[in-house]
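Chains, contacts and geometry: an overview
Take a look at the letters that make up each chain.
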Amino acid sequence: MALSIDQIYDYAEALIARKTLDGGQIELRQMQRLCEFLAELAQQAGDSTNAQRFTHLAQSSQA
């Protein structure tokens, strides 16, 4: 079974929220880089909607 973009987004969003509450700065930076990577990948694939979604997550995870 393959993961959907929505599942990846939801997981990343939940992890960012959890690590924000926990104060997990290293994990937040890792998630920021991951979301930036996924945004760039989506942009290269011509998927501007998901590129914007992951860009927003990257920005929300900035510590």
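About the thresholds
- Residues numbered from 1 in each chain as written.
- Predicted model: local features only at pLDDT ≥ 70, side-chain atom pairs only at ≥ 80, totals over all residues.
- Heavy atoms only, no water.
- Salt bridge = Lys/Arg side-chain N within 4 Å of Asp/Glu carboxyl O.
- Helix = DSSP H or I, 4+ residues; strand = E, 2+ residues; numbered from the N terminus.
- Buried < 20%, exposed > 50% of the residue type's maximum accessible area, 1.4 Å probe, protein only.
- Axes fitted to C-alpha atoms, helices over the stretch in contact; angles between N-to-C directions.
- Parallel < 35°, antiparallel > 145°, perpendicular 65-115°, else oblique.
- Left-handed = near helix turned anticlockwise from the far one by under 90°.
- Contact = heavy atoms within 4.5 Å.
- Nonpolar A, V, L, I, M, F, W, Y, C, P; charged D, E, K, R; others polar.
- Expected span 1.5 Å × (residues − 1).
- Arc of directions from axis to C-beta.

For the structure on display, the rule yields two salt bridges. Its salt-bridge partner being Asp6, residue Arg53 comes within 2.8 Å of it at the nearest N-O pair. Of the two residues, Arg53 is situated in helix α3 (residues 48–60) and Asp6 in helix α1 (residues 5–22); the sequence distance between them amounts to 47 residues. Between Lys19 and Asp22 there is a salt bridge, and its shortest N-O distance comes to 3.9 Å. In this pair, Lys19 and Asp22 both sit in helix α1, three residues apart, roughly one turn of the helix.

This paragraph deals with the environment of Asp6. The exposure class of Asp6 is partly exposed, given its relative accessible area of 43%. Taking the C-alpha atoms as reference points, Asp6 and Gln32, separated by 26 residues in sequence, lie 17 Å from one another.

The next subject is the packing of α1 against helix α2 (residues 25–44). Direction vectors running N to C along α1 and α2 enclose 155°, while the axes themselves pass 10 Å from each other. Relative to α2, the element α1 is oriented roughly antiparallel. When the axes of α1 and α2 are compared, the crossing they make is left-handed. Contacts between α1 and α2 pair Ile8, Ala12, Leu15, Ile16, Lys19 and Thr20 from the former with Glu27, Leu28, Met31, Cys35 and Leu38 from the latter. Its residues assigned to classes, the contact of α1 with α2 shows eight nonpolar, one polar and two charged.

Attention shifts here to α2. Residues spaced three or four apart along an α-helix point in a common direction, a consequence of the helix completing one turn every 3.6 residues. With 20 residues, α2 extends 29 Å from end C-alpha to end C-alpha; this agrees with the ideal 28 Å at 1.5 Å per step. Within α2 the residues assigned to the buried category are Leu28, Met31, Gln32, Cys35, Leu38, Ala39 and Ala42. Seen from one end, α2 has its buried residues packed into an arc of 135°, which puts them on one side. Opposite its buried face, α2 presents the exposed residues Ile26, Arg33 and Gln44, each directed more than 90 degrees away. Where α2 is buried, its residues contact α1 and α3. Backbone geometry just after α2 places Gly46 at a positive phi near 80°.

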